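The residues making up each chain are set out below.
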Amino acid sequence: MLFKEIIGHSELKQRFINDTREGKVSHAHLLLGDLGYGGLPLTLAFVQYLMCENRQETDSCGTCSSCNKMEKMQHPDVHFSFPTVQAETKTSDVQFPLWKSLVKENPYLSLNEWILKSDDKGRAPIISVHQSVEIIKKLTLKSFEGGYKVSVIWLAEEMNDACSNKLLKIIEEPPNNTVFILIAASEEKILPTILSRTQITKVKQLNDAEMMEFLQKRSISQDLAESISSRSEGSISLALELLEAGGAENTNFTRFVNLMRFSYSKDVMSMMKWAEEIGAIGREEQKHFIKYSLYMIRQSLMQNYTQGKLMRTSTKETEFLSKFARFITGNNVKEFTKLFDESHYYVERNANSKILFTNITFEVMRYIRRA
Ligand SMILES: [Zn+2]
């Protein structure tokens, strides 16, 4: 992966480039931040630069044999570890082809997606002591190409204590030209002894302009791009999840507007039809709609209390909320929030969708008049 293919993080890229050019690469890194911010793509570009035979001033050459191997994720001196379901396989190697193909498709891969794609029973994967034995074995071998040897640990917080303890010594005193890159979403589960041995780099969330840069490359409407950008909390993984949940248009916006409009005007026939339609879509999509509704309720309050100054919505949403927000006040916001929170809970537990969404329309009808 090339640095220029990665959205945002210009300072971080520059630092990796400078450190490499000045021969000051730390032997153990920890990149910390939601995986959707880009810890893994940054690592892939950094390692490619480190290994490149013809480094340019601002990026890898992209054409040397080392770059080719990195693009295919099959460089013999770069080793990847990631969590696996121990009942299936105790080390990462067996599942490497699958993991690699998912990462190539989407380097912003999330833990949830990895679980979904790698284990049909949805069991929690970990990195165990068997994998640390594997890492040590690979790093003590001589480098194949005579340069750096790199060990990347994706989701390092999933290493159990036995694994972490086994790695302490080699992380502290690695063989020559060895670089560890640990990628983690949170530091809470990582042993302090590991933290103290790594150079910690915070991978920051992407800003609105960067999210838009990513979303505008997709064939979706401008309004949906703006809406997703404001809901995705600077995470490409979350943006992709929201993209997958709807079509090219902001369907949830239309659903939300209709729900409010039909319920406000007590148009029972339309309310029933609305509930029937949303009752027929998939549960994941229903959950996205409910989360979207919670977001719109929150944004309505923002509109009321900050005159729209702190709102993060698309043009169409802003326009709608400028008229709608007055229906959400201190008199009903708790009820609305509870209604959608509980509905989310019931969808997850496979409640009857039609009854559930019919109930939502009638509750909205009651609450909206209390504003
Ligand atoms: Zn190269």
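Coordinates for the structure precede this section.
Keep in mind it's a predicted model, so treat the numbers as computed, not measured.

One open sheet accounts for five strands, arranged β2-β3-β4-β1-β5; its pairing is parallel. Looking at the sheet topology across the chains shown, the edges are occupied by β2 (78-81) and β5 (199-202). Neighbour-to-neighbour, the strand axes of this sheet turn through a mean angle of 20°, independent of strand direction. When β2 meets strand β3 (residues 149-154), the two strands line up parallel, connected through four bridges. The residue bridging Ser81 from the neighbouring strand is Ile153, located in β3. Against the sheet, helix α6 (residues 129-140) makes contact with β2, β3 and β4 (178-184), and its axis sits at roughly 175° relative to β2, the strand it touches most.

To continue, consider the side chain of Ser66. Checked against the element boundaries, Ser66 lands in helix α3 (residues 65-71). By relative accessible area, Ser66 is classed as buried at 1%. In this structure Ser66 touches Met51, Cys52, Glu53 and His75, once residues within four positions along its chain are discounted.

This next bit is on the coordination of the zinc ion. Looking at the metal site, the zinc ion is ligated by Cys52 (SG), Cys61 (SG), Cys64 (SG) and Cys67 (SG), spaced 2.3 Å from it. Coordination at the zinc ion is tetrahedral: its four donor atoms span angles of 103 to 118° at the metal.

Here the focus is the packing of aromatic side chains. Throughout the structure, instances matching the rule amount to 20 aromatic pairs. Residues Tyr292 and Tyr295 carry aromatic rings whose centres are separated by 5.9 Å and whose planes lie at 40° to one another, so their mutual orientation is tilted. You can see Tyr292 and its partner Tyr295 sitting in helix α14 (residues 283-306), three residues apart, about one turn around the helix. With relative accessibility at 6%, the residue Tyr295 sits in the buried group. The structure contains a cluster of three or more aromatic residues connected by ring pairs, namely Phe253, Phe256, Tyr264, Tyr292, Tyr295, Phe320, Phe324 and Phe327. Over the face of the ring belonging to Tyr345 we find Arg349, whose NZ or CZ atom lies 3.9 Å from the ring centre.

Turning next to unusual backbone geometry. One non-glycine residue, Leu155, adopts positive backbone phi at about 65°. Within the secondary structure, Leu155 sits in the loop between β3 and α7 (161-172). Of the residues examined, Leu155 reaches a relative accessible area of 2% and is grouped as buried. The phi angle at Glu233 is positive, at roughly 50°, despite the residue not being glycine. Mapped onto the fold, Glu233 is located in the loop between α10 (222-231) and α11 (236-245).

The rules behind these values
Residues numbered from 1 in each chain as written. Predicted model: local features only at pLDDT ≥ 70, side-chain atom pairs only at ≥ 80, totals over all residues. Heavy atoms only, no water. Pairing = 2+ DSSP bridges. Helix = DSSP H or I, 4+ residues; strand = E, 2+ residues; numbered from the N terminus. Axes fitted to C-alpha atoms, helices over the stretch in contact; angles between N-to-C directions. Contact = heavy atoms within 4.5 Å. Buried < 20%, exposed > 50% of the residue type's maximum accessible area, 1.4 Å probe, protein only. Donors = N, O, S within 2.8 Å, 3.2 Å for Na, K, Ca; no water. Tetrahedral: all angles 85-135°; square planar, octahedral: opposite > 155°, others 65-115°. Phe/Tyr/Trp six-rings, centres within 6.5 Å; stacked < 30°, edge-to-face > 60°. Lys NZ or Arg CZ within 6 Å of the ring centre and 35° of its normal.

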